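Tertiary structure, described
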Amino acid sequence: MGDPSAVAGDLAPTGTLRAAVNLGNPVLAHGTPAEPGGVTVDLAREVAARLEVPVEFACFDAARKSFEALTSGAADLGFLAIEPARAAQVTFTAPYVVIEGVYVVPDGSPFATPGDVDRAGVRIGVKQGSAYDLYLTRTLQHATIVRGADGVTAFEDKGLEVAAGIRQPMTAYAARHPGTHVLPGRFMEIRQAVCTTPDRRPETVTFLHDLVEELKATGFVAEALRRANQDATVAPPA
């Protein structure tokens, strides 16, 4: 994986690895800013351990805020879904985990599958700046996106036809709210990756790529998900 000291100087120039963590995605992170946990936190700690530097967590409640911390220089390492809208400002590894974007609708909705949703007059609540916001923005032809602090909050507050989100929390939401259900299937596959900024040296990017592949292959990622009580799928080898 190259010279760890050279990678450390490039990836953690302050001497501490500053990792941006999105506590708004419960599949990837949980806890509090003072005591975060989850697969992304475990990955950041492992990167820091390999580089023999301390790690510091900057925790946010939305992916767009993690993205902003990374691109502004406030963080060195991030954990974001691979999306074309981010690719100019972020360098991604291959994904380490794959999660699904799904829709919640009221019972009695005319929609039977995710493909039915893209119709004129249909309003879809999304979390602003999320991977599924970016994906739906570039793929929907007829439906209207309504952005908010959370997709289900917009869905409830504005009486929308559809809410978009990540399968695990959306399934939990529907279970807590009789009269709603998750549509069968998914509207997107969300490929979560480790990322940094494009100005890193090639050996740094290679180090991150190789480490992610190692941690998938050895069961590290699967075990981190198990400890966090998450059933997401470990991404296949790159």
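Above this text you will find the structure in question.
Residues numbered from 1 in each chain as written. Predicted model: local features only at pLDDT ≥ 70, side-chain atom pairs only at ≥ 80, totals over all residues. Heavy atoms only, no water.

**Notes on the pairing of strand β5 (residues 78-81)**
- The alternating pattern of β5 places Gly78 and Leu80 and Phe79 and Ala81 on opposite faces, both of which are buried.
- Taken together, the four bridges between β5 and strand β11 (residues 188-196) define a ladder with antiparallel strand orientation. Across the sheet, Ala81 pairs through a bridge with Gln192, a residue of β11. (Buried < 20%, exposed > 50% of the residue type's maximum accessible area, 1.4 Å probe, protein only. Helix = DSSP H or I, 4+ residues; strand = E, 2+ residues; numbered from the N terminus. Pairing = 2+ DSSP bridges.)

**Observations concerning the packing of aromatic side chains**
- A complete count under the given rule lists two aromatic pairs for this structure.
- Ring plane angle 20° and centroid distance 4.4 Å describe the contact between Tyr103 and Phe187, whose orientation is recorded as stacked. Pair noted here: Tyr103 is in strand β6 (residues 91-106) and Phe187 is in the loop between β10 (180-182) and β11, with a separation of 84 residues, a long-range link. In this structure, Tyr103 and Phe187 share a single accessibility class: buried. (Phe/Tyr/Trp six-rings, centres within 6.5 Å; stacked < 30°, edge-to-face > 60°.)

**Section: the pattern of salt bridges**
- The tally for this structure, following the rule as stated, stands at 15 salt bridges.
- A salt bridge links Glu83 to Arg138, with the shortest nitrogen-to-oxygen separation between them at 2.9 Å. Taken together, the residues span a long stretch of sequence, with Glu83 in the loop between β5 and α4 (84-87) and Arg138 in helix α5 (residues 131-139) at a distance of 55 residues.
- We classify Glu83 as buried; its relative accessible area is 3%.
- In this structure Arg138 comes out as partly exposed when scored by relative accessible area, which is 46%.
- As a salt-bridge pair, Glu223 and Arg227 come within 3.7 Å of each other at their nearest N and O atoms. With Glu223 and Arg227 both in helix α9 (residues 220-227), this residue pair falls four residues apart, about one helical turn. (Salt bridge = Lys/Arg side-chain N within 4 Å of Asp/Glu carboxyl O.)

**A closer look at the state of the cysteines**
- Counted according to the given criterion, the structure contains zero disulfides.
- The cysteine Cys59 is free of any disulfide, with Cys195 supplying the nearest cysteine sulfur at 15 Å. (Disulfide = S-S within 2.5 Å.)

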